[in-house]
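Chains, contacts and geometry: an overview
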Amino acid sequence: MPAKRVSPKIRLVLWIILTTVLSGVIGLHAQAPDSCAPIPAVKAALDELPSYPTPNQTMPQFRAQKMARIQALLRQYPGDVFVERAYIDFQSWTPERDQVIEHYKGLAGKNPAGKNPDDARWLYLYGLTLVGRQSAEAIKLLGSAVAKDPTFAWPHLKLAEIYTSPNFLNKEKSVSEVKTFMNLCPASFEGYQQLIQNEDRGLQSASAQKLRELLRARTDADAVGAYRTLWSLEFKARPPAEYEPLRKNVAEDIKHIRSLTLDKRQSYSALEEGYKLVDDQKQSDWAKEERQRRFPSMWELAAADKWWKDHPSPNAEDPPERRQAYYSDVLKETGEWLKLRPNTTYIWWQRLNAMEHLDSVAAAEVQDFGERAVKVGESNAGPWGPDSDMYLKVAAAFSKKKIQPTRVLELVHKGLQQLEAESKQPPYDLWAKRDNIEESNFYRSSTRLQALAFETQAYIQLGDNQKAQQELSKIDQRFEELKSLAGTKEDRMKEYSSRQVAYWELMARLAEAENHKLDAMAYYENALLTRLQAGIKPEPSEKDELAADAQKLWAALGGSADGWKTWYALPAAELAAKSTLTWQESNESLPAFEIADIKGKTWQLADLRGKVVLLNVWASW
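**Some details on helix α14 (residues 243-260)**
- Over its 18 residues, α14 extends 26 Å from the first C-alpha to the last, a length consistent with the 26 Å expected when each residue adds 1.5 Å.
- Every buried residue of α14 is accounted for by L246, V250, D253, I254 and I257. Mapping the buried residues of α14 onto a view down its axis gives an arc of 110°, with all of them on the same face. Structural note: α14 exposes K248, K255 and S259 on the side pointing more than 90 degrees away from its buried face.
- Looking at the packing, one finds that the buried side of α14 touches α11 (201-216), α12 (221-225), α13 (227-237) and α15 (265-277).

**Let's talk about the layout of surface pockets**
- Each pocket or cavity is described by its volume, and for the second largest pocket that value is around 1,600 Å³.
- Residue lining of the second largest pocket: 41 residues in total, with K400, F454, E505, E539 and E542 positioned closest to the centre.
- Of all elements in the fold, only α19 (345-357), α21 (388-400), α23 (434-462), α25 (490-513) and α27 (545-556) reach the threshold of two or more residues within the lining of the second largest pocket.
- Residue contributions to the lining of the second largest pocket peak at eight residues, all from α25.
- For the lining of the second largest pocket, the per-class residue count stands at 16 nonpolar, eight polar and 17 charged.

**Focus: the environment of Y104**
- Here Y104 is to be found in helix α5 (residues 97-109).
- The residues touching Y104, leaving out its near neighbours within four places in the chain, are E84, Y87, I88, W122, L125, Y126 and T129.

**A word on unusual backbone geometry**
- Positive phi is not limited to glycine here, since T261 has a value of about 50°.
- Locating T261 in the fold gives a position in the loop between α14 and α15.
- In this structure T261 comes out as exposed when scored by relative accessible area, which is 68%.
- Unlike most non-glycine residues, N515 shows phi in positive territory, near 65°.
- Along the chain, N515 falls in the loop between α25 and α26 (517-534).

Cut-offs and rules
Residues numbered from 1 in each chain as written. Predicted model: local features only at pLDDT ≥ 70, side-chain atom pairs only at ≥ 80, totals over all residues. Heavy atoms only, no water. Helix = DSSP H or I, 4+ residues; strand = E, 2+ residues; numbered from the N terminus. Expected span 1.5 Å × (residues − 1). Buried < 20%, exposed > 50% of the residue type's maximum accessible area, 1.4 Å probe, protein only. Arc of directions from axis to C-beta. Contact = heavy atoms within 4.5 Å. 1 Å grid on protein atoms, 1.4 Å probe; cavity = no way out; pocket = protein on both sides within 12 Å on 5 of 7 lines; lining within 4 Å. Points joined across faces, edges and corners; volume = space filled by probe spheres on them. Nonpolar A, V, L, I, M, F, W, Y, C, P; charged D, E, K, R; others polar.

In structure tokens, the structure reads:
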């Protein structure tokens, strides 16, 4: 029987119905809030997102590239939890975060399609935007998402993470939330990763066994990377006396990983950690070098890592020629490193620091390199713009070498502008305790005084004594604030004293410039006595210009060499002879612990009570 002919109008209606149904199915597949993992296409696309800048990329280029890819995924998979989460994470530390918060706030109140108001998925994503900024509100939103859909796993994991932070610490809730997540998503590696922060050895041990079973059945890059999580759980779940069998397991795991011949970053990272656990540092270094060679990033360079490890910084007691030789070597090495990592700003600062310490480097060379460093710093600025520290580092180098005073003023102006902008950024409220905030405020205030000192020095060089006096007045007005922020902390009080020394030294230099020699000598006296009383030593191997200039003026005013020696030189020599090691009293109680020494003996807090103990600690991340 011949098929009946369907009219164009009916075909159009059927096409609309079919399209609507299929789009709904596809949308649910991509957006299902109870999914424990992204669909394969989304997973593959997210895995291809760049994680770090390549050696020849600038930071803005990297960010633009990654953002373009994320935005393309947002258009391709609208509402997908994993894509939306990647976007939120990428925008968390940017000036656009407020707009991101408002965007998801709107979506949390109304689904784009007009259905399911307050959908659990959007409540979760809105909550993510607030973590670290308004975490108390984020907790409420994540809880609402759970209440809306108890099968939606991801709010539980984020709550478990929040409840391990210092400001929202709740061990019981953290354990409860991570257990719920793992019941909902037993094959997700993220849940096992969160358990590392836990202190429940029984839970860690049981979870490690499950994770090991999962890894036996998988050979993909994510599974190989998860061996690091497995080892962390296994070692945390056992006392040190039981580590030896675990090391044998790790050795077998290493053989398995190497048999896979996966040329992935995760493989080399796992091998690097695994070899370290079995005390094979040589092979661990090999894995690290292979990872950096095969998957290079702007921030890592194997040659630099190895050089710093093999060449520790000189001690304060080392002779001047040893320090000069060291910084000459730094200058040579950083020159080679910059050929390989031209946009890696910390290498530029290491090289500039070496130039500051070397007598042999000409002022013109410092000036040229400093200007190039500024350009590199600006071209590699993050979303908030160049760091204030970048401008002030170069200003410090120029000021120390007494070059380009006009340029110093420009650099300080830009640095202080950035510093003010940075001071307005809200603290990360999961971790920022009162002491952390106070410390940050103190050192920010100290940096402002240092910057004003650079300006004062520049004005003195330029012969503008009036503006130099104005800058000194600004410094004087800020001392009370700095002293208040210092409190009774020994390190802060020493920093405060160092700012006072710089102030009195500049007062003396200005007085000399105005031919007020007796005033200048009084200011030099204040600077030198403050330095002695605070136990501040001049930088080793470098000329002590403060003492030299003060002694020169002392002699010009009729002071004798013996008088100078008695008044200043002898006390200064006694200070220089003292050890540089200092101790700061701590009022915090040492928590109970159990740790093994290199011979395998287990020590507990009770074994050390009443004894003087010297701890040598190292860590890896």
